[in-house]
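Structural characterization, general
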Amino acid sequence: EVQLVESGGGLVQPGGSLRLSCAGSGFTFSSFAMNWVRQAPGKGLEWVSYISSSSAIIYYADSVKGRFTISRDNAKNSLYLQMHSLRDEDTAVYYCARRHYSTSSFDYWGQGTLATVSS
Amino acid sequence: DIQMTQSPSSLSASIGDRVTITCRASQSLGSYLNWYQQKPGKGPKLLIYAASTLQSGVPSRFIGSGSETDFTLTISGLQPEDFATYYCQQSYSTPYTFGQGTKLEIK
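Given the structure is predicted, the values throughout are model-derived calculations rather than measurements. (Residues numbered from 1 in each chain as written. Chains lettered and ligands numbered in written order. Predicted model: local features only at pLDDT ≥ 70, side-chain atom pairs only at ≥ 80, totals over all residues. Heavy atoms only, no water.)

1. A closer look at the interface of chain B and chain A
Each partner contributes to the interface: chain B provides 18 residues, whereas chain A provides 19 residues. Here chain B meets chain A over a buried area of about 1,500 Å², counting both sides, of which 62% is carbon and sulfur. If you sort the residues of chain B by the area they bury against chain A, Pro44, Tyr96 and Phe98 of chain B come out on top, with a joint share of 34%. Applying the counting criterion to the chain B and chain A interface returns 0 salt bridges. Our count for the contact surface shared by chain B and chain A stands at 6 residue pairs in polar contact (both at pLDDT 80 or more). Elements supplying a minimum of two residues to the side of chain B that touches chain A: strand 4 (33-38), strand 5 (45-49) and strand 9 (85-90) of chain B. It is strand 4 of chain B that contributes the most residues to the side of chain B that touches chain A, 3 residues altogether. Here the side of chain B that touches chain A is composed, by residue class, of 9 nonpolar, 8 polar and 1 charged. (Contact = heavy atoms within 4.5 Å. Buried area = accessible area lost by both parts, 1.4 Å probe. Salt bridge = Lys/Arg side-chain N within 4 Å of Asp/Glu carboxyl O. Polar contact = N/O pair within 3.5 Å; in protein donor to acceptor, adjacent residues only side chain to side chain. Helix = DSSP H or I, 4+ residues; strand = E, 2+ residues; numbered from the N terminus. Nonpolar A, V, L, I, M, F, W, Y, C, P; charged D, E, K, R; others polar.)

Structure (structure tokens):
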């Protein structure tokens, strides 16, 4: 069974940093591209970042470019999102999502981890 | 960026009804359009990819159609477990934008 489990969320002050993790299991993690998607409280979904299976290709949303860094460790079946210079508007549930093997849809999602930016 | 406009934003329906949700893109997507279902407190679930292909394990009452800029998700014979929020998403180019969502509620 494919599972994605996020962790690392919490309360941080504006300007602070947080590192999110996503542990994958039940599939060959190193063969799949991955994404981070966030959802502010009561709002819709916003794509944040993409990383290819080998880490060779990385994309970011303009809203996080220069502040967030996506990475992965295929030996540990793990995906990361390092977030710096956090703002109030970064408060959201952050989901990791696996890219479908043959299309660019997101076929499996985790349950999410909440990052709250507040003083 | 490609803008995705989804309608309606909310919808009330009864068990057994047929409902349709529409999604319009600001530029042609070919068939790079996906539909997701999200229930409170859960991550989204992929229902339809490539505009009309049913994801494995998803009931056949979910039907996706359309191409280029206009797409629809139809649910035939609503079941209690279908009441949720639905999102369209374009995967043609980054940033991979989503529609604003359609909340399907029980009448």
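Next, the rest of the story.
2. Some details on the nonpolar core
If you look at the biggest cluster of nonpolar residues, it comprises 41 residues, and the most contacted ones within it are Trp36 and Tyr94 of chain A. Beyond its immediate chain neighbours, meaning those up to four positions away, Tyr94 of chain A contacts Glu6, Leu20, Trp36, Val37, Arg38, Val48, Phe68, Leu81, Met83, Gly112, Thr113 and Ala115 of chain A. Core analysis: the next-biggest nonpolar cluster, separate from the first, contains 24 residues, Ile2, Ala25, Leu29 and Leu47 of chain B among them. (Core = buried A, V, L, I, M, F, W, Y, C linked by side-chain atoms within 4.5 Å. Buried < 20%, exposed > 50% of the residue type's maximum accessible area, 1.4 Å probe, protein only.)

3. Here we look at the pairing of strand 4 (residues 34-39) of chain A
Two faces, one strand: in a regular strand the side chains alternate between the faces of the sheet. Residues and elements named next belong to chain A. Buried residues dominate strand 4, accounting for 6 of its 6 residues. Of the two faces of strand 4, the one lined by Met34, Trp36 and Arg38 and the one lined by Asn35, Val37 and Gln39 are each fully buried. As defined by bridge partners, strand 4 adjoins strand 5 (residues 45-51) across 6 bridges and the pair is classed as antiparallel. Looking across to strand 5, one finds that Met34 is bridged to Ile51. Counted along the chain from strand 4 to the antiparallel partner strand 5, the turn is 5 residues long, and its residue Gly42 has a positive phi close to 75°. In terms of strand pairing, strand 4 meets strand 9 (residues 92-99) through 6 bridges, oriented antiparallel. (Pairing = 2+ DSSP bridges.)

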